[in-house]
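Fold and contact review
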Amino acid sequence: MTRRPTSSAPTTETKRCAIYTRKSTSVGLDSDFNSLDAQREACLAYIQRQPGWALVDARYDDGGFTGANTDRPAFQRLLADVDAGKVDVIVVYKVDRLSRSLLDFVKVMERLGTAGASFVSVTQNFSTADAMGRLTMNLLASFAEFERSMIAERTRDKIAASRRKGKWTGGPVPFGYSAKDKKLIVNE
């Protein structure tokens, strides 16, 4: 009688996942269910569908912070936790929640790679675990940066148009004037 070798099921290491949420403005953050909650809910559902993935206890929510830079308190805490080996996967709703700057995005991806961590965008359905995912991420980050540049350009155009119409567009009011209804009025 020949004994068959016993095979044990491959052990899968649990992936510790952190959800990162961001909203550019603080408008509506005090409501019962806001944009950060909606992002978190979608990310949590995604994590729960992945075998061997588990959500870490810490929350990383930045409400009222721009994606134009990485100077966000929860984001910095998250990166520190990745560096400390506490997080294996960062899960976001969309790429632009992480960054709208291509340069910052590339730096964050390098930092994740050094720490052995990866990144997943749940609505865009890809991750940085493979070459195709990294290419797609870079393309999306480029479009996010382009969108941010377009918003800045439209804002500058609107301010310039307001100035051409003689409207006050902000800043310190010059001595001898008062600002009223977006116009400077001589204040005797």
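Parameters at a glance
- Residues numbered from 1 in each chain as written.
- Predicted model: local features only at pLDDT ≥ 70, side-chain atom pairs only at ≥ 80, totals over all residues.
- Heavy atoms only, no water.
- Patch = residues over 30% accessible without salt bridge, like charges linked within 9 Å, V, L, I, M, F, W, Y side chains within 5 Å.
- Areas by Shrake-Rupley, 256 points an atom, 1.4 Å probe, with all protein chains shown as cover.
- Salt bridge = Lys/Arg side-chain N within 4 Å of Asp/Glu carboxyl O.
- Helix = DSSP H or I, 4+ residues; strand = E, 2+ residues; numbered from the N terminus.
- Core = buried A, V, L, I, M, F, W, Y, C linked by side-chain atoms within 4.5 Å.
- Buried < 20%, exposed > 50% of the residue type's maximum accessible area, 1.4 Å probe, protein only.
- Contact = heavy atoms within 4.5 Å.
- Lys, Arg positive; Asp, Glu negative; His and termini not counted.
- Charge placed at Lys NZ, Arg CZ, Asp CG, Glu CD.

Here we take up a nonpolar patch on the surface. A surface patch of nonpolar side chains, about 570 Å² in accessible area, is lined by M132, L135, L139, F143 and F146. As for its placement among the helices and strands, M132 is situated in helix α5 (residues 131-164).

We now examine the nonpolar core. Core analysis: the largest hydrophobic core is formed by 20 residues, its most contacted members being Y20, Y60, L78, I90, L112 and F119. Within the residue set of this core, elements represented by two or more residues are β1 (15-23), α2 (73-83), β4 (89-92), α3 (95-98) and α4 (102-115). Leave out the neighbours within four places in its chain, and Y20 touches Q39, Y60, D62, R72, A74, F75, L78, I90, V91, V92, R97 and L98. C17, I19, C43 and I47 belong to the second largest nonpolar core, which has nine residues in total.

Moving on, we get to a positive patch on the surface. Taken together, the side chains of K158, R164, K165, K167, K182 and K183 make up a positively charged region of the molecular surface. With respect to the helices and strands, K167 occurs in the loop between α5 and β7 (177-180).

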